[in-house]
Amino acid sequence: MVLRRGIKLPNLTHTRVFIEAGENDLMCTAEESKELYDLLEKAGANVQISWLQQGHHLTVQEVREAAKRYEES
């Protein structure tokens, strides 16, 4: 989620960010997830986003995907 808008992010070069986004999330819409991705990428972060057909809750599938990405780093 984009918590604050209109602030300048620091240089995030060499920062890796993994976003898991729910396509059916009513609290954080797909548009907001894309906005977060764009903000972080423009600040220089290496951003990966994974879309799941979930809502705003953490699933075992998401935990496994995050663990897999962590292990690859």
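Quick caveat: nothing in here was measured; it's all calculated off a predicted structure.

Colleague: Which residues make up the overall build of the chain, and what values do they have?
Modeller: In terms of helices and strands, the chain carries two helices and two strands. From first element to last, N terminus to C terminus, the chain shows the α and β order β-α-β-α. Seen along its three principal axes, the alpha-carbon backbone of the chain occupies a region of about 35 × 30 × 15 Å. Within the chain, the proportion of its 73 residues that are buried is 29%.

Colleague: Can you lay out the side chain of Glu62 for me, pointing to particular residues and giving the numbers?
Modeller: If you trace the backbone, Glu62 turns up in helix H2 (residues 60-72). No salt bridge is formed by the buried Glu62; the nearest opposite charge belongs to Arg64, separated by 12 Å. Side-chain polar atoms of Glu62 contact the backbone nitrogen of Thr59, separated by 2.8 Å. Setting aside residues no more than four positions away along its own chain, Glu62 makes contact with Glu20, Leu52 and His57.

Colleague: Can you break down the nonpolar core residue by residue, with the values?
Modeller: A general trend in soluble globular proteins is that nonpolar side chains are found buried together. Ranked by size, the top nonpolar core spans eight residues in total: Val2, Leu12, Ile19, Leu36, Leu40, Ala43, Ala45 and Val47. Once residues within four sequence positions are removed from consideration, Leu40 is found in contact with Leu9, Leu12, Val17, Ile19, Ala45 and Val47.

Cut-offs used in this document
- Residues numbered from 1 in each chain as written.
- Predicted model: local features only at pLDDT ≥ 70, side-chain atom pairs only at ≥ 80, totals over all residues.
- Heavy atoms only, no water.
- Helix = DSSP H or I, 4+ residues; strand = E, 2+ residues; numbered from the N terminus.
- Buried < 20%, exposed > 50% of the residue type's maximum accessible area, 1.4 Å probe, protein only.
- Lys, Arg positive; Asp, Glu negative; His and termini not counted.
- Salt bridge = Lys/Arg side-chain N within 4 Å of Asp/Glu carboxyl O.
- Polar contact = N/O pair within 3.5 Å; in protein donor to acceptor, adjacent residues only side chain to side chain.
- Contact = heavy atoms within 4.5 Å.
- Core = buried A, V, L, I, M, F, W, Y, C linked by side-chain atoms within 4.5 Å.

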